[in-house]
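Overview (structure and organization)
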Amino acid sequence: MTDSSLAHDAPLPRPSVPASAPRDAGAAKSSNRAFMGKAWRILVGIKDALALLFLLVFFVMLFGFLRGTPNPSIVSDGALVLKLKGTITEQPADIDLMTALQGGENMPQEYRARDVIRALETAATDKRVKAVVLDLDSFLGGGQVTLGDVGQAIDKVRAAKKPVFAYATAYTDDAYQLAAHASEIWMNDFGQAVITGPGGSNLYFKGLIDQLGAKAHIYRVGTFKSAVEPFMRSDMSPEAKEATRAYADVLWTQWLDQVKKARPSAQIDAYMADPVTVAKGFNNDMGKAALSMKLVDKLGDKIAFSRRVAEVTGTSDTKKPWAFKSIPYKAWVDNNPAPTSGTPIAVVPVIGTIVDGKQPSGTAGGDTVAKHIMKAVADDSVKALVLRVDSPGGSVLASEQIRQAILQAKAKKLPVVVSMANLAASGGYWVSTPGDKVFAEPDTITGSIGVFGVIPSFEGTLAKWGVNADGIKTTPLSGEPDVFKGFSPEFDALAQASVEDIYARFTGLVAQSRKLPIEKVQEIAEGRVWAGGTAHQIGLVDGFGGLNEAVAEAAKLAKLDPKSVYPKYFENEPDALAEMLATLNAPADNGDEWSDNAAQGLFAQVALQQKARMAAAVDQLSLLASGGNVQARCLECGDMVAPKTLKADQAEGVWAKLMALFG
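Fair warning: this is a prediction, and the values are worked out from it, not measured in the lab.

So, the pattern of salt bridges
One pass over the structure, following the stated rule, counts 26 salt bridges. Notably, a salt bridge pairs Asp297 with Arg263, separated by 2.8 Å at the nearest N-O pair. You can see Asp297 sitting in the loop between helix H12 (286–292) and strand E9 (298–299) and its partner Arg263 sitting in the loop between helix H9 (238–262) and helix H10 (268–273), a full 34 residues away along the chain. Owing to a relative accessible area of 30%, Asp297 belongs among the partly exposed residues under this scheme. Its relative accessible area of 7% is what places Arg263 among the buried residues. Look at the salt bridges and you will find they share partners, linking Arg112, Arg114, Asp115, Arg118 and Glu571 into a network.

So, in structure tokens, the structure goes:
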């Protein structure tokens, strides 16, 4: 046995263990226990936080549900207060959940026109309503047709011998169109009534495009199709000015007629003839000028105005003589739901720009609107379809998708009636072509039968940076459209041919649906925009009337008594949580809490309106410049007919977005 084997077989020596080892092991165990304890406490804390968050959301939703549930007991006698902080529209855009969570109470709101009208009409016949208050201090407008409908509802309140009080720090066109129907018009001592009439400027980007070296490839049909002019000109063409002035004059005439009829004592012509001279005649005191010319009845602040209302309704607090008894608008609408008795007539709104795919409320998505139409067609209780259109048009493919869905209703032998609101132009008219009857108002804007496409290229921009593009082609269309090197003549020819083909289809649809010779349609098409009165004369619409007349006509075509039907709307359901949160953040609309941070006074309102116009213009520019499908859209008439509401996500960064578009 060798030494090595002895060494191998010998037991290994044990390592020496320090005397402190047991204490270190115990410390390690203690440390582990402490760590596990902390981790457990963190997990328990997260669990408790989630449980509290769940309970908070539950109770908030429960509160919102209870607040939103009609409850006649919460409505007492008083004045119905319409605190219109924003715009009135056919279909409000969806409320952004994040904006609602963050508290967007100072942003302008959108009010559904049919809710406002129903609130006024029910107020006329309900004994609890002693008066109506129109708080127009932060009102930013609405379409002229829509405001005319609201004005008629105000007239019904006055016909019921109930006073209507209107108040604003400053009156602009839309606010005054409503206020003219009031029995008493109040204005702040420091206020102004500034009536401007339709018109204004658009943005033209040709100079900017040239400076950047970019190029807008434009394909269009229609001498008057001026939606593409911002990309190809630095000013408005004579043809566009001619067409725009024609329908702007109609809008102005209709506005004057409505205001004079509602308030014959107002010396509106004299006031508008030379407003500067009028102001100087009263030492630039615009309040006294408006009072003297009978545009308003009283000058005073909101406290004085509230005291006047309290004389009719009584006070809700004896310590506050200005706190008149009030009925909040939201509560009144909730307590007076639309009738649902009788046979339903489906109403499908086509509101806003027509675009491809699924879209939220306030925008007419091809998939979305078509789905609502098909749902109405599948409903056996529905006996007719009314298409409510308030749109400047948009994507041809989306417009055709909506039209095809309407044809399914006609295949089922359902009568189809079109009701045009403020605007039914281009794609808005395309979707109207299947109608058995088409209704409009004299100041509805329609027509604009023309199509276009815009695709940008950046060969000049790249050249400025010293970048060139080159390559090979296996066919004349290889790599086309080549946004780096420029488009080939072959691609340009095919793109123009596509636009001309779609235009031929458009005019063909109009000729077939309106039973007009194609030569006549080509004469009135060319992208020209028409006011409702002229559109009726040239055969583009069948008669005058609003949604009620359209529903009644649909009932007659379905061989039903118009008194036995009701409109059943097929549209997106609102986000209940977002609406509830928005309601919690909404400003008070009662006789005590008047003030908020909304735009008040002429300069504040004009600034917000112009910012909204800028945001809308940049959004339109972004949509057009991004290419996409051929468009049938009346870009130039949208803002003039229906003012935009500035959304929370548009409030900042308009110029940054504009620069990013061409940067």
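From this point, the narrative continues.
Some points on the pairing of strand E1 (residues 78–83)
Burial analysis of E1 places six of its six residues in the buried class, the great majority of the element. In terms of strand pairing, E1 meets strand E4 (residues 129–135) through six bridges, oriented parallel. Each residue of the ladder has a partner; that of Leu80, found in E4, is Val132. Two elements, E1 and strand E10 (residues 326–328), share three bridges in a ladder whose sense is parallel. Its bridge partner lying in E10, Ala79 is registered against Ser326.

Here we look at the sheet that holds E1
One open sheet accounts for six strands, arranged E9-E7-E6-E4-E1-E10; its pairing is parallel. Edge strands, defined here as strands with exactly one partner in the open sheet, are E9 and E10.

Focus on the nonpolar core
One finds Ile373, Leu387, Val451 and Leu540 to be the most contacted residues of the largest nonpolar core, which totals 56 residues. Sequence-distant contacts of Ile373, defined by excluding residues within four places in its chain, comprise Val348, Leu385, Leu387, Ile402, Ala405 and Ile406. By size, the runner-up hydrophobic cluster in this structure holds 55 residues, among which are Leu82, Leu134, Ala153 and Ala262.

Details of a nonpolar patch on the surface
Residues Trp40, Ile42, Leu43, Ile46 and Leu50 make up a contiguous nonpolar surface patch of about 570 Å² in total accessible area. With respect to the secondary-structure elements, Trp40 resides in helix H2 (residues 21–68).

Topic: the packing of helix H15 (residues 366–378) against helix H16 (residues 396–411)
Running from N to C, H15 and H16 point in directions that differ by 5°, and their axes come no closer than 8 Å. By the angle between their directions, the pair H15 and H16 is classed as roughly parallel. Taken together, the residues of H16 that come into contact with H15 (itself represented by Gly366, Asp367, Val369, Ala370, Ile373, Met374 and Val377) are Ala398, Gln401, Ile402, Ala405, Ile406, Gln408 and Ala409. For the contact of H15 with H16, the per-class residue count stands at ten nonpolar, three polar and one charged.

Topic: empty space enclosed by the protein
A probe as big as a water molecule, rolled over the atoms, marks out the empty space that is left. Under the criterion given, the structure shown has four cavities of 30 Å³ or more. Approximately 90 Å³ is the volume attributed to the largest cavity. Gln91, Pro349, Thr368, Val369 and His372 are, among the 16 residues lining the largest cavity, the residues nearest its centre. Counting residues per element, the ones that place at least two in the lining of the largest cavity are strand E11 (343–351) and H15. Considering each element in turn, the lining of the largest cavity owes the most residues, four residues, to E11.

Focus on the environment of Val259
One can find Val259 in helix H9. Val259 sits in the buried class, given a relative accessible area of 2%. A C-alpha to C-alpha distance of 5.9 Å links Val259 and Ala180, two positions 79 residues apart in sequence. For Val259, the contacting residues outside a window of four places in its chain are Tyr176, Gln177 and Ala180.

What to know about the confidence of the model for the chain
Within the chain, residue pLDDT values average 83, and 76% of them lie at 70 or more. Mean pLDDT across the elements of the chain bottoms out in helix H1 (residues 3–9) (41) and peaks in strand E17 (residues 437–440) (98). In the predicted structure, residues 1–22 sits below a pLDDT of 50 and forms one contact with residues beyond four places in sequence or in another chain.

Considering the pairing of strand E2 (residues 86–89)
Relative to strand E3 (residues 109–112), E2 is paired through four bridges, and the arrangement is parallel. Among the inter-strand pairings, Ile88 is bridged to a residue of E3, identified as Tyr111. The pairing of E2 with strand E5 (residues 141–142) spans two bridges and is parallel. Bridge pairing in E5 places Ile88 opposite Gly142.

Rules used throughout
All chains use their own residue numbering, which begins from 1 and follows the written sequence. In view of the model being predicted, local features appear only for residues whose pLDDT reaches at least 70, and side-chain atom pairs are presented and counted only at 80 or more, with totals across whole chains, interfaces and linings using the full set of residues. Just so you know, side-chain values use all the structure's heavy atoms and leave hydrogens and water out. Definition used for salt bridges: Asp or Glu carboxyl oxygen within 4 Å of a side-chain nitrogen of Lys or Arg. Each helix is a run of H or I in the DSSP string that is no shorter than four residues. Each strand is a run of E no shorter than two, and both are numbered from the N terminus. Only protein chains enter the accessibility calculation, which uses a 1.4 Å probe; a residue is then buried when its area is under 20% of its type maximum, exposed when over 50%, and partly exposed in between. Should DSSP find at least two bridges between two strands, the strands are taken to pair. Side-chain atoms within 4.5 Å link the members of a nonpolar core, which is a set of buried Ala, Val, Leu, Ile, Met, Phe, Trp, Tyr and Cys residues. The contact rule is simple, with two residues in contact once any of their heavy atoms fall within 4.5 Å. Distance thresholds for patches are 9 Å for like charges and 5 Å for nonpolar side chains (Val, Leu, Ile, Met, Phe, Trp, Tyr), applied to residues having over 30% relative accessible area and no salt bridge. Computed by Shrake-Rupley with a 1.4 Å probe, the accessible areas treat only the displayed protein chains as cover when residues are assessed. Helix axes use the C-alpha atoms of the stretch in contact, all axes being lines fitted to C-alpha atoms, and the angles between their N-to-C directions lie in the range 0 to 180 degrees. What sets the label is the angle itself: under 35 degrees gives roughly parallel, over 145 gives roughly antiparallel, 65 to 115 gives roughly perpendicular, and the rest give oblique. Side-chain classes follow a simple rule in which Ala, Val, Leu, Ile, Met, Phe, Trp, Tyr, Cys and Pro form the nonpolar group, Asp, Glu, Lys and Arg form the charged group, and the remainder, Gly included, forms the polar group. A cavity, in this analysis, means grid points on a 1 Å lattice covering only the protein atoms where a 1.4 Å probe fits yet has no way out; a pocket is instead an open set bounded by protein on both sides within 12 Å along at least five of seven lines, and a residue lines either one if it has an atom within 4 Å of a point. Grid points are joined across faces, edges and corners, and a volume is the space filled by probe spheres set on the points. A residue's pLDDT is simply how confident the predictor is in it, with values from 0 to 100.

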